[in-house]
There are 2 protein chains.
Amino acid sequence: MDLQLLKPDAGHDGPMYLQLYRRYRNAIAQGQLAPGDRVPSVRSLASALNLARGTVELAYQMLTSEGYFVARGAAGTIVSPRITGLPGAGEPKAAREAPPAMPSRDTAPGDILPFQLGLPALDAFPRKTWARLTGRCLRTLDTAAMLYPHPAGYEPLRRAIATYLGVSRGISCSHEQVFVTGGYRGALDLVCRTLLQPGDLGWYEDPGYVHARHHLLNAGMRLAPIPVDDEGMNVAVGLRVAADARFAVVTPTHQSPTGVALSLPRRLELLEWAKARGAWIIEDDYDSEFRYHGRPLPALKSLDAGGRVLYTGTFSKVLFPGLRLAYLVAPSALVERLNLALNHVPGPGSILPQAMVAEFMEQGHFARHLRKMRTLYATRRGYLVDALERVMGDRLYVQPQAGGIHVLAYLPQEHGDRALAAAAAAAGLAVGALSDWYMHNAERGGLLMGFANFVSAGWTDDATMRLQVVLERSRSSTRATS
Amino acid sequence: MDLQLLKPDAGHDGPMYLQLYRRYRNAIAQGQLAPGDRVPSVRSLASALNLARGTVELAYQMLTSEGYFVARGAAGTIVSPRITGLPGAGEPKAAREAPPAMPSRDTAPGDILPFQLGLPALDAFPRKTWARLTGRCLRTLDTAAMLYPHPAGYEPLRRAIATYLGVSRGISCSHEQVFVTGGYRGALDLVCRTLLQPGDLGWYEDPGYVHARHHLLNAGMRLAPIPVDDEGMNVAVGLRVAADARFAVVTPTHQSPTGVALSLPRRLELLEWAKARGAWIIEDDYDSEFRYHGRPLPALKSLDAGGRVLYTGTFSKVLFPGLRLAYLVAPSALVERLNLALNHVPGPGSILPQAMVAEFMEQGHFARHLRKMRTLYATRRGYLVDALERVMGDRLYVQPQAGGIHVLAYLPQEHGDRALAAAAAAAGLAVGALSDWYMHNAERGGLLMGFANFVSAGWTDDATMRLQVVLERSRSSTRATS
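Residues numbered from 1 in each chain as written. Chains lettered and ligands numbered in written order. Predicted model: local features only at pLDDT ≥ 70, side-chain atom pairs only at ≥ 80, totals over all residues. Heavy atoms only, no water.

A.B. asks: I'd like to hear about the overall build of chain A, residue by residue, with values.
C.D. replies: When you go through chain A residue by residue, the secondary structure sums to 15 helices and 15 strands. Put simply, chain A has 482 residues, and 58% of those count as buried. Restricting the contact set of chain A to residue pairs at least 6 apart, pairs at least 24 apart contribute 73%. Accessible surface for chain A amounts to roughly 19,000 Å². Of this, 51% is attributable to carbon and sulfur atoms. (Helix = DSSP H or I, 4+ residues; strand = E, 2+ residues; numbered from the N terminus. Buried < 20%, exposed > 50% of the residue type's maximum accessible area, 1.4 Å probe, protein only. Contact = heavy atoms within 4.5 Å. Areas by Shrake-Rupley, 256 points an atom, 1.4 Å probe, with all protein chains shown as cover.)

A.B. asks: Report on the pattern of salt bridges, specifying residues and quantitative values.
C.D. replies: Residue and element names in this part refer to chain B. Under the defined criterion, the tally for this structure stands at 30 salt bridges over all chains. The salt bridge partner of Asp304 is Lys301, with a shortest N-O separation of 3.2 Å. Across the pair, exposure class does not vary: Asp304 and Lys301 are buried alike. (Salt bridge = Lys/Arg side-chain N within 4 Å of Asp/Glu carboxyl O.)

A.B. asks: I'd like a rundown of the pairing of strand β15 (residues 446-450) of chain A, residues and numbers included.
C.D. replies: Across a regular strand the side chains alternate sides, sitting on one face of the sheet and then on the other. Residue and element names in this part refer to chain A. Burial runs high along β15: five of the five residues are buried. Neither face of β15 is exposed, since Gly446, Leu448 and Gly450 on one face and Leu447 and Met449 on the opposite face are all buried. Pairing of strand β13 (residues 406-410) with β15, which is carried by five bridges, proceeds in the antiparallel orientation. Looking at β15, one finds that Ala409 is bridged to Leu447. Direction of pairing for strand β14 (residues 432-433) relative to β15: antiparallel, over a ladder of two bridges. Its bridge partner lying in β15, Ala433 is registered against Leu447. (Pairing = 2+ DSSP bridges.)

A.B. asks: Describe unusual backbone geometry, with residues and values.
C.D. replies: A cis amide bond links Ser256 of chain A to the next residue, Pro257 of chain A, at an omega of 15°. Phi is positive for Asn50 of chain B, which is not a glycine, with a value near 60°. Relative to the helices and strands, Asn50 of chain B resides in the loop between α2 (42-49) and α3 (53-65). Take Asn50 of chain B: its relative accessible area is 67%, and that puts it in the exposed class. A positive phi angle is found at Phe115 of chain B, which is not glycine, with a value near 75°. Within the secondary structure, Phe115 of chain B sits in the loop between α4 (94-97) and α5 (127-141).

A.B. asks: Give me the lowdown on the environment of Val391 of chain B, citing residues and values where you can.
C.D. replies: Residue and element names in this part refer to chain B. You can see Val391 is positioned in helix α13 (residues 365-392). Along the chain, Val391 and Arg158 lie 233 residues apart, while their C-alpha atoms are 46 Å from each other. What Val391 contacts, discounting residues up to four positions off in sequence, is Leu18, Thr464, Met465 and Gln468.

A.B. asks: How would you sum up the interface of chain A and chain B? Please name residues and give values.
C.D. replies: Of the residues lining the interface, 58 residues belong to chain A; the matching set on chain B comes to 58 residues. Between chain A and chain B, a total of about 5,000 Å² is buried, with carbon and sulfur atoms accounting for 60% of that surface. Taken together, chain A and chain B are joined by two salt bridges. Put simply, chain A and chain B have 16 residue pairs in polar contact (both at pLDDT 80 or more) between them. Those elements giving two or more residues to the side of chain A that touches chain B turn out to be α5 (127-141), α6 (155-169), α7 (183-195), α8 (210-218) and α12 (351-362) of chain A. Here the residues of the side of chain A that touches chain B sort into 31 nonpolar, 16 polar and eleven charged. (Buried area = accessible area lost by both parts, 1.4 Å probe. Polar contact = N/O pair within 3.5 Å; in protein donor to acceptor, adjacent residues only side chain to side chain. Nonpolar A, V, L, I, M, F, W, Y, C, P; charged D, E, K, R; others polar.)

A.B. asks: Give a description of the domain arrangement of chain A that names residues and reports values.
C.D. replies: Residues and elements named next belong to chain A. Its domain assignment divides chain A into domain 1 (3-91), domain 2 (150-349) and domain 3 (371-481). Using only C-alpha atoms to locate each centre, domain 2 and domain 3 end up separated by 28 Å. Both sides together, the interface formed by domain 2 and domain 3 hides about 2,000 Å², and carbon and sulfur atoms give 61% of it. Glu289 is the salt-bridge partner of Arg374, the closest N and O atoms lying 2.6 Å from each other. (Domains from an automatic or database assignment.)

A.B. asks: With reference to specific residues and values, describe the packing of aromatic side chains.
C.D. replies: All names here are of chain A. By the definition in use, this model includes 38 aromatic pairs over all chains. Grouped by ring-pair contacts, the aromatic residues Phe125, Trp130, Phe320 and Phe360 constitute a single cluster. The ring of Phe179 carries the charged tip of Arg158 above its face, separated from the ring centre by 5.5 Å. We note Arg308 situated over the ring of Trp280; from NZ or CZ to the ring centre the distance is 3.9 Å. (Phe/Tyr/Trp six-rings, centres within 6.5 Å; stacked < 30°, edge-to-face > 60°. Lys NZ or Arg CZ within 6 Å of the ring centre and 35° of its normal.)

A.B. asks: Before we move on, can you summarise the relation of the copies chain A and chain B with the specific residues and values?
C.D. replies: The two copies are related by a screw operation: chain A maps onto chain B through 179° of rotation and 0.0 Å of translation along the axis, at an RMSD of 0.3 Å. Here the copies are linked by what is in effect a two-fold axis. Of every C-alpha in chain A, the one belonging to Gly349 of chain A sits nearest the axis of rotation, 2.6 Å from it. Looking at chain A, 100% of its interface residues are interface residues in chain B too, so the copies touch through the same face. (Least-squares fit on C-alpha atoms with pLDDT ≥ 70 in both.)

A.B. asks: Hey, could you go over α2 of chain B for me, with residue numbers and the actual values?
C.D. replies: Residue and element names in this part refer to chain B. Among all positions in α2, only Val42, Leu45, Ala46 and Leu49 are buried. Buried positions in α2, seen along its axis, are confined to an arc of 100° and lie on one side of it. Summarising the geometry of α2, the exposed residues directed more than 90 degrees from the buried face are Arg43 and Ser47. Of the residues flanking the end of α2, it is Asn50, one or two places downstream, whose phi is positive at about 60°. (Arc of directions from axis to C-beta.)

A.B. asks: Describe the nonpolar core, naming the residues involved and giving the relevant values.
C.D. replies: A general feature of soluble globular proteins is that nonpolar side chains tend to end up buried together. One finds Phe315 and Met449 of chain A together with Phe315 and Met449 of chain B to be the most contacted residues of the largest nonpolar core, which totals 148 residues. In this structure Met449 of chain A touches Phe115, Leu117, Leu384, Leu388, Ile405, His406, Val407, Ala409, Val431 and Leu467 of chain A, once residues within four positions along its chain are discounted. (Core = buried A, V, L, I, M, F, W, Y, C linked by side-chain atoms within 4.5 Å.)

A.B. asks: An account of the sheet that holds strand β13 (residues 406-410) of chain B is needed here, citing residue identities and associated values.
C.D. replies: The strands that make up a sheet pair up through hydrogen bonds in the backbone, lying either parallel or antiparallel. All names here are of chain B. Spatially, four strands are ordered β12-β13-β15-β14 in an open sheet, and the strand pairing comes out antiparallel. Each of the sheet's edge strands pairs with one partner strand only, and the pair in question is β12 (397-398) and β14 (432-433). By the bridge criterion, two bridges tie β12 to β13 in an arrangement that is antiparallel. Across the sheet, residue Val398 finds its bridge partner in β13, namely Ala409.

A.B. asks: Outline the packing of α7 of chain A against α8 of chain A, listing residues and values.
C.D. replies: Residue and element names in this part refer to chain A. Interhelical geometry of α7 versus α8 gives an angle of 30° and a closest axis separation of 11 Å. As for how α7 packs across α8, the hand of that crossing is right-handed. For the pair α7 and α8, the contacting residues are Tyr184, Arg185, Leu188, Asp189 and Cys192 in the first and Ala212, His215 and Leu216 in the second. Of the residues that constitute the contact of α7 with α8, the class distribution is five nonpolar, one polar and two charged. (Axes fitted to C-alpha atoms, helices over the stretch in contact; angles between N-to-C directions. Left-handed = near helix turned anticlockwise from the far one by under 90°.)

A.B. asks: Give me the sheet that holds β15 of chain A: which residues, what numbers.
C.D. replies: Pairing within the open sheet is antiparallel, and its four strands lie in the order β12-β13-β15-β14 (chain A). In the strand order of this sheet, the two ends are held by β12 (397-398) and β14 of chain A, each with one partner.

Listed below in structure tokens is the structure:
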């Protein structure tokens, strides 16, 4: 083939190596390069196209790691002979490796889109182990799994959660304080029905987790937006504007969505306020397991001498959301009251999934999976942050948060993040708009981007370049109208 | 052994054959008869003890069918050589065949006690088929089962339910009208949150399903007790005392707990009232599948031209309660409203159990299981009704209801059913008191007795005789104090 066809275009979008990578992929997809064909060496191509050798090297590495190229040492590099069902020209190979889309008969909540928030790495879940445990659970559970289950959850799971929280989150609790619920929503529901009254006022982080906010408002609660800065929720503001609140909802480990940790002085102030006022603190510890530098902070609950913290955790981020399993850890003084309320809530569902999680935890698979995911997410976060920096440059400012499974990137002020997220959605990209997470007007727009399902650097780059096109278009249209 | 030891005592409780059966069992348990021992022929024992030959024959049949005896044709009948771990003298062999008790680490909702209400026959559930389907579901579901599930339920299950209701209950609906919920409680919860307001008044059958009543009251509803007679809920009384109610809860197929069917004229009156007043009818069709004579009546929903009936069904009675799966079929005009509300309820839980039920239905196992259970329950109901008539005679009047998985037996008026149920509970017997199902004072006490887990006539007789002892004691103490 004519090597000049591969030549990146300096005026074209995106870095040289990425253009080269894509041109090679297109050439393969369109048959200009056949399986088994030898490709030029890095050195000769760099010289032929007048490119830096590093640029060509990077593109070759990506193509090799994704299986397009096979390096054969001194014999040179060839197009993989195993490429058969070629993906379309515009579609990176990684897309084929990505988790399959939901089958068409259940499409509603849908396909996994690039940047989708709130999903763990579905390709990395140990499905075989899971299937094997299920078989065992079905054999051993027997009649126990057929009776009306305990509405607080399957006891072995409650015990496994209590043990895990002791080891990992510094929370000392008995299994009787653990209530298994149908997702985080089930936990909030239980708190609202048991401890709160419609009309009760609560502190809510601003910005804060948008879905829980809607749930609480729907349950009749009033929410006082409390600003978040780089020490987390600003407790002093809460004390000033709504000292008489009945509850506070916080994400102290990685504030949702900014990722900052609630500082120790503020934790102590918050606990003191709750104790003095008899208020409840709902601690949402949704993704504390994923932290990539520094030590994970112990849960706020671990400091709760006054028995005011209702701790919630979920299996949606550490296992998978389809389980619909979360849990609430209540102060022991509340256990009886919650048990009574359980007679009137739907509860956490079938025993089987609960038994499977219990078994998964008891046998050490859970701890192993978390360790692996921590490494994997650090890598995938790296893909995204690198791609954003390379492709977007200073058009986005990536918040250097320490953990979680999404990245928050601030926009220059003139950009409306909601319009941008809508435009991205139209292009098949599931970025979130920071403004949606605010109750007050956001000071600065931002984009929330999940990275857990970016299975390769190539795919991440590709998605980021698509996002860049959306950003660019929206900027031109803003310019055109202003 | 001395045959006279086997001789029934005419002054003793219970029929002769049952006494003979129990004496044999005791003799085996206490070692007076050893495995392999030959027992007298029916004819010679009848003659030795001066009993009717039919009496001895019946006892021998029971002992043979339960594995105590082995008939060897011309060689006579022997005590089974395979009896090894002998049950205690008072414990029939059938008790060992009964479903195993819940393991001790999850005891709260507990053991299956004789007469326990609301449980299907757990020994007869096709567990192997179920386990096989689970394996297949796990292999095929894949990523779909890992994502956030649709809050209205797994679509293939919604479709399977819609098909089933069309065929079996005369209900024509699309899958979009079917909402899978976490048990009947989840369905009630959805209705309360969507269509009702705290303080709303509803008609409630008196007597009526006690757990749903508590749930509705807890949700802030007001309930007008509407008497039930042999045509079901007395709609004319409803119209007289609470024509302005916002809703009515009915069990039209087998009224819970009396078992009577709501007559056609009343069905039409009820529908007309709901249409004229814009009220909602919640139809609880909890065990319509089990009917032992006559044809099952179509659901009230099948007559609902005005779109006022919210139909609910549950898998707790037809599969098993540990699934925690039920469903609501809404008039199509309500579908959008319910879908919006779903964003704020915990939903039906994990996809896996839903997918298993869908598969079970699609492959015809569900229809097959229901057919088998209809026959089995007719047999087991027969065990209980026979035992009650033989052991209790006219001390209990068995309501001749056409369906369901429990028997209602009225007491002579002087008996307090609540005290009796409490005394029975102390003796390990889980009978329910009819008075608990009344909002007004019950006209007449009664006992509610589940029969689904009576795996043999012997076990049923045994439990019934234990109940008889409780009844007898309570009668003497009533006499002593009055």
